[in-house]
Amino acid sequence: MSVQSSATNTGAARYDVVVVGAGFAGMYMLHRLRGLGFTARVYEQGSGVGGTWYWNRYPGARCDVESMQYSYSFSDELQQQWNWSERYAPQPEILQYANHVADRFDLRRDIQFDTRVERASFDERDNLWSVTTSDGKTVTARFVVLATGCLSNARKPDIKGLDRFEGKVYHTGHWPHDEVDFTGLRVGVIGTGSSGIQSVPMIAEEASHVTVFQRTAQFSIPARNAGLTDEERNWFRANYPEVRRFAREQSKNGIYTEMPDRGALDDGDNKRRSNYEARWQRGGLTFMTVYNNLALDKTANDTAADFVRDKIAEIVRDPATAQLLQPNDHPIGSKRICIDTDYFATFNRPNVALVDIKTNPIEEITKTAIRTGGKDIELDALVLATGFDAMTGSVAKIAISGRGGQTLNQKWADGPRTYLGLMSAGFPNLFVITGPGSPSVLSNMIVSIEQHVDWISDCLSHMRDNALEAMEAERDAEDRWVAHVNDVAANTLYPQANSWYMGANIPGKPRIFMPYIGGVGPYRQICNDVAARGYEGFAMTGRRQTQQAAAS
Ligand code: N01
């Protein structure tokens, strides 16, 4: 493989690797490829780096993993020098960090912005991908790496009359770059997942009135966000070797925290309540790791769910509103838990109303209002916090055809099938970073991104060292992995919720639990073992074998 890109005899530029997306995954992938001497081209549909942090600019957007941990670990200098200002960095600061990384490692010269990858087709004879972009150009590459992100395909709901609405309509996942001013406006927010829960309190401070349209009440834990002190930053900096090691090798979710050693029912009522209270006061995602069986045992889970329901009733003054805000149709944590700042308290404001669209679904949107329960709620602006076609949506938008012309969308018609969440049989030399079948969205994404990028980088080096040209997941290894992913999920409470983890938020999408819930540490070990056993479950071929296969 060459260090410089070259041109084929058709004039198309040729790279060792095409990377799709310049979010945290694509940027680190490019950095590693460069370091190994591979040529790479990154295509990014946005005008800048940052992926999800480039698009999700809605008011209140911030990370729900603490920033000292939601950050790259590959460069010690970077992690020692970057100064996170808050416990959970706001979106502009995370985007600033992404830009800093792009500049610091001189990444931009190999990234083509404002360019979508439209199609990618595998040529079996030459083991080459042909990649066509939205500027009408085609390049070839030995490998394609999809760094397209798990939550990047914003989903506009199919609600009658939505296109007729005459006020401004915004989607949280595709927020404008110019400032949006809600001052004096009556704003409707549809959706109460993380994006709705983060944005409602901010919008309520500005707008004259906010109506929140709730289909499913959500469990949310206070973030307790605050400025970081030097002492806190320095603790992390001094302890990064152990913090990062633990997150990668030992944790379930890629976060350095206590590992619970007892179940919720092992404690009596008072002790359990005081444990929940302590985590509620601490704030953040670790509420769910008070006990080791909250995701496994419904009776145990009920104790945590009851605690949060009681908190909602304490915070929200109007009993009818409090009751509506109390989730009662899914176990806590089985839909991605939310982390908020004053979400429930916002419903005590005189300018905020909650409308239950589960009982009275939206009938239609008129030019000026949302009609539900036979009543028109007049609005000047509408915020769609309706989420994403998660995990597969961005991949599905690219026309990918592999062996025998089969498309990835055809292969995944009944749900995504991968081996280790990294490759799909029939699509040689095509990698997905944090793909379905890997811990991905159930983890601190940056930990999982770095693990996949490092694994792929080692794999490409191995292929180069051994004159191998093509690598492909074997079908039986894939079948076994898909069965394992499903078995592990079936032993948890997760499949009991209509969540985007299950594809349930997209009408017609197959209901399959997409991420791997076996834990970040164990998963990493599995991937390492597979590599150590000569990439067991992957077929690897050299040029001569490919030619022989083509001739026979
Ligand atoms: O999207 P969601 P999100 N009519 O799918 C409702 C990450 N994230 O953007 O639950 C009416 O969770 C839908 O209702 P229901 C994080 O992983 C992270 O909020 O399907 N309502 C739900 O209430 C998160 O989990 C951060 O019944 C409709 C809401 O819209 C993921 O992104 C911040 C509807 C969608 O909730 C997605 O979060 C933000 C319809 N037709 C996001 N369609 C961080 O803090 C959907 N809904 C890092």
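Right above here is the structure, for reference.
The rules behind the values
- Residues numbered from 1 in each chain as written.
- Predicted model: local features only at pLDDT ≥ 70, side-chain atom pairs only at ≥ 80, totals over all residues.
- Heavy atoms only, no water.
- Near = heavy atom within 4 Å.
- Polar contact = N/O pair within 3.5 Å; in protein donor to acceptor, adjacent residues only side chain to side chain.
- Areas by Shrake-Rupley, 256 points an atom, 1.4 Å probe, with all protein chains shown as cover.
- Helix = DSSP H or I, 4+ residues; strand = E, 2+ residues; numbered from the N terminus.
- Nonpolar A, V, L, I, M, F, W, Y, C, P; charged D, E, K, R; others polar.
- Salt bridge = Lys/Arg side-chain N within 4 Å of Asp/Glu carboxyl O.
- Buried < 20%, exposed > 50% of the residue type's maximum accessible area, 1.4 Å probe, protein only.
- Pairing = 2+ DSSP bridges.
- Axes fitted to C-alpha atoms, helices over the stretch in contact; angles between N-to-C directions.
- Disulfide = S-S within 2.5 Å.

Taken together, 25 residues form the shell around the ligand, and within it Arg62, Thr192, Ser195, Arg215 and Thr216 come nearest. Between the ligand and Arg62 there is a distance of 2.9 Å, counted from an oxygen atom to a backbone nitrogen or oxygen. Here the ligand has 910 Å² of accessible area as a free molecule, and 89% of this is covered by the chains. Ranked by residue count, the leading element in the shell around the ligand is helix α5 (residues 194-206), at three residues. Its residues assigned to classes, the shell around the ligand shows 10 nonpolar, nine polar and six charged.

With that out of the way, let us pick up the pattern of salt bridges. Counted under the stated rule, the structure contains 36 salt bridges. Residue Arg186 pairs with Asp380 through a salt bridge whose shortest N-O separation is 2.8 Å. Taken as a pair, Arg186 in strand β9 (residues 186-190) and Asp380 in the loop between β16 (375-378) and β17 (381-384) lie far apart in primary sequence, 194 residues in all. The partner of Arg403 in a salt bridge is Glu472, with the nearest N and O atoms 2.7 Å apart. Of the two residues, Arg403 sits in the loop between β18 (399-401) and α11 (408-411) while Glu472 sits in strand β20 (residues 468-473), which places them 69 residues apart along the sequence. Look at Arg403 and you get partly exposed, because its relative accessible area is 33%.

Our next topic: the environment of Gln410. Looking at the secondary structure, you find Gln410 in helix α11. In this structure the C-alpha to C-alpha distance between Gln410 and Pro350, which are 60 residues apart in sequence, comes to 51 Å.

Read across the open sheet, the three strands follow the order β14-β15-β16; overall the sheet is antiparallel. Of all the strands in the sheet, just β14 (362-365) and β16 have a single pairing partner and so form its edges. Shown here is a sheet whose adjacent strand axes are inclined to one another by a mean of 25°, direction ignored. Strand direction decides the pairing type here: β14 and strand β15 (residues 369-372), joined by three bridges, are antiparallel. Among the inter-strand pairings, Ile365 is bridged to a residue of β15, identified as Ile370.

Before going further, it helps to spend a moment on unusual backbone geometry. Positive phi is not limited to glycine here, since Asp114 has a value of about 55°. Here Asp114 is to be found in the loop between β4 (111-112) and β5 (117-123). Positive phi outside glycine occurs at Ala467, with the angle close to 50°. With respect to the element layout, Ala467 can be found in the loop between α12 (445-465) and β20.

With that settled, the discussion passes to the pairing of β16. As paired elements, β15 and β16 share four bridges and run antiparallel to each other. Residue Ile370 lies in a different strand from β16, and its bridge partner there is Ile377. In textbook terms, the turn of a hairpin is the stretch between consecutive antiparallel strands, and for β15 and β16 this stretch comprises two residues, one of which, Gly373, has a positive phi near 55°.

This part is about the state of the cysteines. This model, assessed by the stated rule, comprises zero disulfides. With no disulfide of its own, Cys150 lies 14 Å from the sulfur of Cys63, the closest cysteine sulfur. Overall, the relative accessible area of 6% leaves Cys150 in the buried class. Here Cys459 stays free of any disulfide, with the sulfur of Cys527 as its closest cysteine sulfur at 11 Å.

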